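Listed below are the residues making up each chain.
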Amino acid sequence: MSVEQKITSGDHPKPPYPLHPSVVNRIDHQYADFYNKHIMKHQQVHLQPIEASRASGTLIPGAGPPAPVAKVEDYFISREETTGPRVRIRAFTPHGSRPEGGWPVCVYFHGGGWVLGTIDTENVIASNLCARGKCVVVAVDYRLAPENPFPAAVDDCWESVLWVLGQGKEVLNLDTSKLATGGSSAGGNLAAIMCQRAATLGSPKFSLQLLSVPVTDNTADTSNSKSWNENQHTPALPAPKMMWYRNHYLPNKSDWSHPEASPLLWEGDWSKLPYAVIVVGELDVLRDEGCQFGEKLRRAGVNADIHVMKGQPHPFIAMDGVLDAGKEAITYFCDALKKTMYPTSKPAQEQN
């Protein structure tokens, strides 16, 4: 019996949670095998206290090893434009000789529905971008809801960008004319918003946005989105869980359509946005809004690579240790980063 069926019947939902009949015949076999062995026996995030999920350790199991980098350092940065505590960031520096003008830089934001996740959550992705893209990667430990709802995460991420352009440029030996951003899920939402805010202000100039399963429309639900409807019982991010995240981060429903919550609804000049590489899961509720974001870029004349990963639910990019699709998605990002920052060099090769 699925978790949704248990809720309907009035029982308190408890594991195990077998795959729902609506996804059994559509889901990738590698994911299904891993889910059945390692995930279905655990309680689902939206059905337990937040503290339990935060204390459980790994947000998404199945990650591969970090890629080798020369240096990893944490900094606590002061704010320039907003109020609040200092923001913790982590800088990954690649091996090899620094380019004459400084290292290209990618500011990266982790996933977790703006509620979960830490600066450690996507070290594997950040280290791969660093090592294979030959860039400094700055990962950001933005504040989380419900303690710090919208727009706290946006403020923290913007402060990290400002630091990179200012003090970070000297501290990390950066060439900030070669600036990228990226993120997964909630982090993809934040990365897209950074690009839009920069386009509105006229600075900085991002040259690339790497968006994995991004939340682009916080007004979407099962009534107005095909992917939300057909994938509402998908594992990892069923519709009720996505609504749980949304309600914690955006407790005021009037904010759901705010462009810095729903970047798909931004009314600025889309032609000023950077090249995008977007990866989405075929079985993810967020699939269509990610594709729509890329299509809107294309209509504005901006290059957007859109990859729909067949049979994949939401978390595939963080499961590169067990899913071929996870490895492939990271490679899409690394190749685009290397190509954008070093246009005359060969694509990044997967680390062994």
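Residues numbered from 1 in each chain as written. Predicted model: local features only at pLDDT ≥ 70, side-chain atom pairs only at ≥ 80, totals over all residues. Heavy atoms only, no water.

Caption draft 1: Up close: the overall build of the chain. For the chain, the count of helices and strands is 12 helices and 8 strands. For the chain, the spread of C-alpha atoms along the principal axes amounts to about 65 × 45 × 40 Å. Each of the 352 residues in the chain was classed as buried or not, and the buried ones make up 58%. Considering only contacts in the chain between residues 6 or more positions apart, those separated by 24 or more positions represent 76%. For the chain, the centre of its 33 positive side-chain charges and the centre of its 37 negative side-chain charges are spaced 3 Å apart. (Helix = DSSP H or I, 4+ residues; strand = E, 2+ residues; numbered from the N terminus. Buried < 20%, exposed > 50% of the residue type's maximum accessible area, 1.4 Å probe, protein only. Contact = heavy atoms within 4.5 Å. Lys, Arg positive; Asp, Glu negative; His and termini not counted. Charge placed at Lys NZ, Arg CZ, Asp CG, Glu CD.)

Caption draft 2: Examining the side chain of Arg132 more closely. Relative to the elements of secondary structure, Arg132 occurs in helix α5 (residues 123–133). Judged by relative accessible area, Arg132 falls into the buried class, the value being 4%. A distance of 2.7 Å separates a polar atom in the side chain of Arg132 from a polar atom in the side chain of Thr331. (Polar contact = N/O pair within 3.5 Å; in protein donor to acceptor, adjacent residues only side chain to side chain.)

Caption draft 3: Spotlight on the pairing of strand β4 (residues 136–141). With respect to burial, β4 is a largely interior element, 5 of its 6 residues being buried. Pairing of strand β2 (residues 87–93) with β4 involves 5 bridges; the strand directions are antiparallel. Residue pairing across strands places Arg88 opposite Asp141, the latter belonging to β4. Pairing of strand β3 (residues 103–109) with β4, which is carried by 5 bridges, proceeds in the parallel orientation. Residue Cys106 lies in a different strand from β4, and its bridge partner there is Val137. Once you follow β3 into α5 and on to β4, the crossover reads as right-handed. (Pairing = 2+ DSSP bridges. Right-handed = clockwise from strand over helix to strand, strands pointing away.)

Caption draft 4: Local environment of the packing of α5 against helix α12 (residues 324–341). Taken N-terminus to C-terminus, the directions of α5 and α12 make an angle of 40°; their axes are 9 Å apart at the nearest point. By the angle between their directions, the pair α5 and α12 is classed as oblique. Two packed elements cross with a definite hand, and for α5 against α12 that hand is right-handed. Residues Ile125, Asn128, Leu129, Arg132 and Gly133 of α5 pack against Ile330, Thr331, Phe333, Cys334, Leu337 and Lys338 of α12. (Axes fitted to C-alpha atoms, helices over the stretch in contact; angles between N-to-C directions. Parallel < 35°, antiparallel > 145°, perpendicular 65-115°, else oblique. Left-handed = near helix turned anticlockwise from the far one by under 90°.)

Caption draft 5: Highlighting the environment of Asp255. Of note, Asp255 is situated in the loop between α10 (239–249) and β7 (275–281). Through-space distance from the C-alpha of Asp255 to that of Ile89 is 27 Å; in sequence the pair is 166 residues apart. In contact with Asp255, other than residues within four places in its own chain, are Phe150, Leu250 and Ala261.

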